[in-house]
Amino acid sequence: MSLSEETANRIRELVPEAESWDAESAELTLKGDFSTGIFAALRDDPITDLKYLRNLTAFERMDEQGVTLVYHIASLTHNHTVTVFVPLSEDALVVQSLTPVFSAANWQEREVYDMFGVRFEGHPDHRRILLEDTFDFYPLRKNFILDPAVNLRNIKEREDEMLKKILAASEEKAKPAAASSEKSASSSKSDDSKKGEAE
Amino acid sequence: MSSIEKNSVLERRIDSLLTDEITINFGPQHPSTHGVLRLEAKASGEVITAITPHLGYLHRGVEKNLESKEFLQGIPLLDRCDYLSSMFNSYIMAACVEELTEIEVPRRAEWIRVVAMELNRIASHLLWWGTFCLDLGASSPLLYAFRDREDVIDLLELISGARLLYNYIRPGGVRGDVTPEFMKKLEGFTNRFPPYIDEYEELVTGNAIFIERVTNVGVISKERAVNWALSGPMLRGSGVNWDLRINEPYSAYPEFTFDAAVEEGCDVMARYRVRMMEMRQSNRMLKQAVEGLPEGSHTAKVPTSVRCKKGMTYRRIESPRGELGGFMITDQDKAKKPWRFHLRAPSFANLAAIEEMSKGYMVADMIAILGSIDIVLGDVDR
Amino acid sequence: MGLIDGLNTKDDNILITSLEAALNWGRGNSVWPFTMGLACCAIEMICAGASRYDIARFGSEVFRPSPRQSDLMIVAGTVTYKMAMRVKKLYEQMPDPKYVMAMGSCAISGGIHADSYSVLRGIDKIIPVDVYVPGCPPRPDALLDGLMLVQKKMKQEKLRKNSDRFILAGK
């Protein structure tokens, strides 16, 4: 979907601080310290109308250290998509959260944090989403090596380590819960939550 | 004490009697979460005030594994992400590779792909219909749905050899050509299927209890649906006419005539109607394929080990659950493996809105709302 | 037919068998499976329970959502580390004697996801498994075959404590 000239010009006007804007491929590059106002402006302008955050992800750059965030934002009325790149350097993996602008950013940003360790400032619920909180690695970073050969050799140790970690975490979790349920044995809250977990 | 006074004392007591907010835990092992989803719902009385979903119980690290696999080896892995619509997942990998290799796909291959994908859409929607009704307490629709789903599965088995995870669509085309036997059976199915849907509608759609349970439940407005980036039947059920098969055409879809199913209701009923209508539209497309399947080859000439040029692409298609996107980067020319492959999972994006949709409704309504999203946990967690 | 004719008399009927055989016959033909549906295999498990394959023919149509009411746990799908402790907990909540079926390559060994950083390579690392049903996913026919193997196992069990096949051995 190529952009109309009017839209391309409008985006140039709305985002003067962009590092680069390629109207041909509809690719916009922003600095890491961009303000969310840019996205709000692109969303609310009737010509650009970029209301639909269809995809948010990241990838590790090949030539240098660092992670680049990718936002695919679309307009459902004008049927065009703009790709926004935000390159981040290794020592500053932090950007503004887009959750106030697009609700859809909420989980997708959490996933990027989970997989790449990029922090999103102002995110309402900044936790890992897919992995356990006890995991101390960011799996999609290239320094986390997943070599089948290595993996098969170390399979036993890795597994033991992982299971031990989970066991320790679950024991830790169980301790305060058990203490509190003793205190308020009649409280329906803890009873219900336990029942639910079992069924 | 007079009786009037007594009553007022009692009334005052009832007013001042406040119950605690209780936490209700669904899952990760619960039949109506359609897999291993865990929902932590807070309810005041029976009304939901907050929901915290906990994901990742089926996180299998597919995206990382794809980075160490060749493109063709990646397809089975992707098949297992959204296991109810694995044809679509295969297609997304094939489409990404085709874009970065500039393989020309023969017209017949694209038509066969559409046939395979629409059959898969019917199978997926049938399973959704059966389990959704089961969630609402009706157990016989499941048996009807599976009676006809087996019909579809037989057809898919004929072309791909598998019942659930097909690994059929490949870069350049499809793995095997369709046989005359398959076309004959497909024709039979397309004639049999519309009366089946009528039967479903008679059985469930007009049922007064069903209508009560799903109308004006889980309402999400058009604007909010767009803001949440919902897609597929969720978006079209909120009155947004956005079907990637029409708006961003791919494969052989421009050659078919069909309508996007759009409903204005914004509630569970609207999503239900959209899916029922989609099954009819899929059947319509299959009919057209029976009549006009072009001659030619079922695949382009593709080397066993496909090599892509350096580049980046984001391809998206309309899966039964919504926008299924594949974001692929290769790091060098003649790349054998992707540098990064991201699957934009429709269930993941749609499930994110569950809290907003269920707030203020009853606990039992939450099950209906969750069912209407049609999540597949393999797709949510990947 | 001979049996029916035999039963169709005016006198009271007596059937002579051992207690073990009667007990095992009853248990084996009314296995209540626990729906531990985790991933793709769960769909084939539902297929086995639905119209065409109809697991009711083998007396196992009563899929229970609660571990406390079931005696066969069909682990259908990939078990991740995050899920592993839950699977074990649910297994512990089942009443004895209990049986476990590992359905699909993922539950057996991690299958296609064995390279992954988050997948447990086989549920036999955390719970004892009685029957393995291979396939990715196994067809419903294979699941039924696995169920028959469980039944076969049940029917060989003894009530004598010093027997090798004591009903609660290892439990």
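Here goes a summary of the coordinates provided. Here the structure is a predicted model, which means the values were calculated and not measured. (Residues numbered from 1 in each chain as written. Chains lettered and ligands numbered in written order. Predicted model: local features only at pLDDT ≥ 70, side-chain atom pairs only at ≥ 80, totals over all residues. Heavy atoms only, no water.)

**Thoughts on the overall build of chain C**
Using the following cut-off: Secondary structure elements follow DSSP: runs of H or I of four or more residues count as helices, runs of E of two or more count as strands, with numbering from the N terminus. The contact rule is simple, with two residues in contact once any of their heavy atoms fall within 4.5 Å. Surface accessibility follows the Shrake-Rupley procedure with a 1.4 Å probe radius. Residue values consider only the protein chains on display as shielding.
Broken down by element type, chain C carries six helices and four strands. Taking contacts inside chain C between residues at least 6 apart in sequence as the whole, the part at least 24 apart equals 74%. Surface exposure of chain C reaches about 7,800 Å², of which carbon and sulfur atoms provide 56%.

**Here's the deal with the interface of chain B and chain C**
Our working rule: The buried area of a pairing is the accessible area, by a 1.4 Å probe, that goes missing from both parts when the two are put together, added over both. Put simply, a salt bridge is a Lys or Arg side-chain nitrogen that is within 4 Å of an Asp or Glu carboxyl oxygen. Side-chain atoms alone can form a polar contact between residues adjacent in sequence; in general such a contact is a pair of N or O atoms within 3.5 Å, and within protein one must be able to donate a hydrogen while the other accepts it.
Each side of the interface is counted separately: chain B has 34 residues, and chain C has 33 residues. The junction of chain B with chain C conceals about 2,900 Å² of combined surface from both sides, 61% of it contributed by carbon and sulfur atoms. The largest per-residue losses of area from chain B upon contact with chain C belong to Gln29, Tyr57 and Arg60 of chain B, which jointly make up 23% of the total buried on that side. Counting every contact that joins chain B to chain C gives four salt bridges. Between Asp154 of chain B and Arg52 of chain C there is a salt bridge, with its nearest N and O atoms 2.7 Å apart. Between chain B and chain C we count 13 residue pairs in polar contact (both at pLDDT 80 or more) in total. When contributions to the side of chain B that touches chain C are tallied by element, the ones reaching two or more residues are α2 (62–67), α3 (71–79) and α6 (140–160) of chain B.

**Points about the environment of Glu98 of chain B**
Within the fold, Glu98 of chain B resides in helix α4 (residues 86–101). Separated by 275 residues in the primary sequence, Glu98 of chain B and Ile373 of chain B have C-alpha atoms spaced 31 Å apart.

**Quick word on the sheet that holds strand β3 (residues 99–103) of chain C**
All names here are of chain C. Applied cut-off: Pairs of strands are assigned from DSSP output, requiring at least two bridges between the strands. Between N-to-C directions, angles cover 0 to 180 degrees, with each direction set by a line fitted to C-alpha atoms, over the stretch in contact for helices.
Pairing is parallel across the open sheet formed by four strands, whose spatial order is β1-β2-β3-β4. Each end of this open sheet is capped by a strand with a single partner; those strands are β1 (33–37) and β4 (131–133). Adjacent strand axes in the sheet meet at a mean angle of 20 degrees, parallel and antiparallel pairs treated alike. In this sheet, β4 lies alongside β3 in parallel orientation, the contact comprising three bridges. Of the residues in β4, the one forming a bridge with Met101 is Val131.

**Quick look at the environment of His34 of chain B**
Turning to its location among the elements, His34 of chain B is positioned in the loop between β1 (21–26) and β2 (38–44). The contact partners of His34 of chain B, leaving out residues within four places of it in the chain, are Thr131, Asp135, Ile375 and Leu377 of chain B.

**Considerations on the pattern of salt bridges**
All names here are of chain B. Taken as a whole and judged by the stated rule, the model has 50 salt bridges over all chains. A salt bridge links Glu201 to Arg280; the nearest nitrogen and oxygen atoms lie 3.5 Å apart. Of this pair, Glu201 sits in helix α7 (residues 180–205) while Arg280 sits in helix α12 (residues 268–292), and the two are 79 residues apart along the sequence. Salt bridges sharing common partners tie together Glu118, Arg121, Arg236, Asp243, Arg245, Glu278 and Glu318.

**Notes on a nonpolar patch on the surface**
Residues and elements named next belong to chain C. The condition that has to hold: Without a salt bridge and with relative accessible area above 30%, a residue can belong to a patch; like charges are then joined within 9 Å and nonpolar side chains (Val, Leu, Ile, Met, Phe, Trp, Tyr) within 5 Å. Partly exposed residues are those whose accessible area sits between 20% and 50% of the maximum for their type, while under 20% is buried and over 50% is exposed, using a 1.4 Å probe and protein chains only.
A cluster of nonpolar side chains, contributed by Leu19, Leu23 and Leu159, occupies part of the molecular surface with about 270 Å² of accessible area. Note on placement: Leu23 falls in helix α2 (residues 19–28). Looking at Leu23, the relative accessible area reads 37%, which means it is partly exposed.

**Considering unusual backbone geometry**
Cis peptide bonds are those with omega within 30 degrees of zero, and the linkage from Cys136 of chain C to Pro137 of chain C qualifies with -10 degrees. Here Pro137 of chain C is to be found in the loop between β4 and α6 (140–155). A positive phi is found at Asn79 of chain A, a non-glycine position, where the angle reads about 60 degrees. Among the secondary structure elements, Asn79 of chain A is positioned in the loop between β4 (67–75) and β5 (80–88). Positive phi, close to 50 degrees, is recorded for Ser251 of chain B, a residue that is not glycine.

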